[in-house]
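# A closer look at the structure
These are the residues of each chain, in order.
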Amino acid sequence: MHKQGIDAKRALAEMNERLVALKAEAVLANFERDDVGRHWRTRRSGNWGYMQQLQQKVANQIFPTVAELLQVYTAEFAAYLERFREHLRNLSGKGNALAASLDLGDDVHLDIDERLKEFLTSTLENAHGMVEAEEARIIRLLENFVSDDVQDRISDARRTVADVLGTGTTWRQSSEVKQFYGQVKEILSTALVKHVRTRYSAYAEYLSVETQQLPSRAVSEAEAELSRVKGNIRAAIEAAVHGQRELFDQASAEINDVISQAHEDIPESVGEKY
């Protein structure tokens, strides 16, 4: 059921990936606008294309979008956990109702959900922790992107712009700047889409694995809980039987006294009669 819910959100994930790319391109568009607006002498001297704080600006724009989809996955997972816990509570309730019908006492109480509570809580907390860690992953990706994929292109573009001379210098420089940013946008968008797609898949797979482990974990905890309750049931039954035995022994003693007295009384009664 959980896997079907995650698979149904594939289209939403694809839309989210495109939105991430558009938001990153919007950040680059701001840098592009500033550099296109610079004086041609400034561009010729190489004072453009620095894209200061690009990593943090892009991360600030796209991480909420990334986290939003991951939270959708998390909500689907949390709903599955709640349905699973409700099933366990129903199972425990049926067991407790049976124990109550047999009048086995308050010590016989089945609570599989409580035994799994810590495991389920920690599983959900781990999922939230993975979402929070994604921002750091994105920043590392952007740092590598700027240092590895873009620096050489920036240097080449600056040299090309600096070499523009003569008529139409401003226009031709601007065209080179726009071409440079077009390339950077494509590289960054491709890298981000690939990154978030991989992370979405990894996160969905993590949640799927956790859901697959729940039944076996529940069976293990249920067996442990049943073993505990079985001991309590045995003790309750032995106590009940012991109590009945005491009543039986007491009644038997009383009956024996009556019979003994009757044996004594009968001859005397017969002798008096004859």
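Here is a short report on the structure shown in this document. Every value quoted in this text rests on a predicted model; they were computed, and no experiment measured them.

In terms of helices and strands, the chain carries six helices and zero strands. Reading the chain from its N end, one meets helices and strands in the order α-α-α-α-α-α. Classification of the 274 residues of the chain by burial places 35% in the buried group. Put simply, of all contacts in the chain between residues at least 6 apart along the chain, 86% involve residues at least 24 apart.

To continue, consider helix α2 (residues 10-36). Taking 1.5 Å of rise per residue, 27 residues should cover 39 Å, and α2 covers 39 Å from first to last C-alpha, within 8% of that figure. Here α2 has its buried residues at Ala13, Asn16, Glu17, Val20, Ala21, Ala24, Val27, Leu28, Phe31, Glu32 and Asp35.

The subject of this paragraph is the pattern of salt bridges. Taken as a whole and assessed by the stated rule, the structure comprises six salt bridges. Notably, a salt bridge pairs Glu134 with Arg137, separated by 3.6 Å at the nearest N-O pair. Of the two residues, Glu134 and Arg137 are both situated in helix α5 (residues 112-162); the distance of three residues between them amounts to about one turn of the helix. A salt bridge links Arg159 to Asp156, with the shortest nitrogen-to-oxygen separation between them at 2.2 Å.

A few words on the nonpolar core. One finds Met51, Leu54, Val58, Tyr73, Phe180 and Tyr200 to be the most contacted residues of the largest nonpolar core, which totals 51 residues. Put simply, the parts of the chain that give this core at least two residues each are α2, α4 (54-101), α5 and α6 (169-273). Tallying contributions element by element places α4 first for this core, with 15 residues. The residues touching Tyr200, leaving out its near neighbours within four places in the chain, are Ala13, Asn16, Glu17, Val20, Thr65, Val66, Leu69, Leu70 and Tyr73.

A few words on unusual backbone geometry. Look at Met51: it is not a glycine, yet its phi comes out positive at around 45 degrees. If you trace the backbone, Met51 turns up in the loop between α3 (40-44) and α4. You will see that Gln53, though not glycine, has its phi angle at about 60 degrees, which is positive. On the secondary structure map, Gln53 appears in the loop between α3 and α4. Judged by its relative accessible area of 59%, Gln53 is exposed.

About the criteria used
- Residues numbered from 1 in each chain as written.
- Predicted model: local features only at pLDDT ≥ 70, side-chain atom pairs only at ≥ 80, totals over all residues.
- Heavy atoms only, no water.
- Helix = DSSP H or I, 4+ residues; strand = E, 2+ residues; numbered from the N terminus.
- Buried < 20%, exposed > 50% of the residue type's maximum accessible area, 1.4 Å probe, protein only.
- Contact = heavy atoms within 4.5 Å.
- Expected span 1.5 Å × (residues − 1).
- Salt bridge = Lys/Arg side-chain N within 4 Å of Asp/Glu carboxyl O.
- Core = buried A, V, L, I, M, F, W, Y, C linked by side-chain atoms within 4.5 Å.

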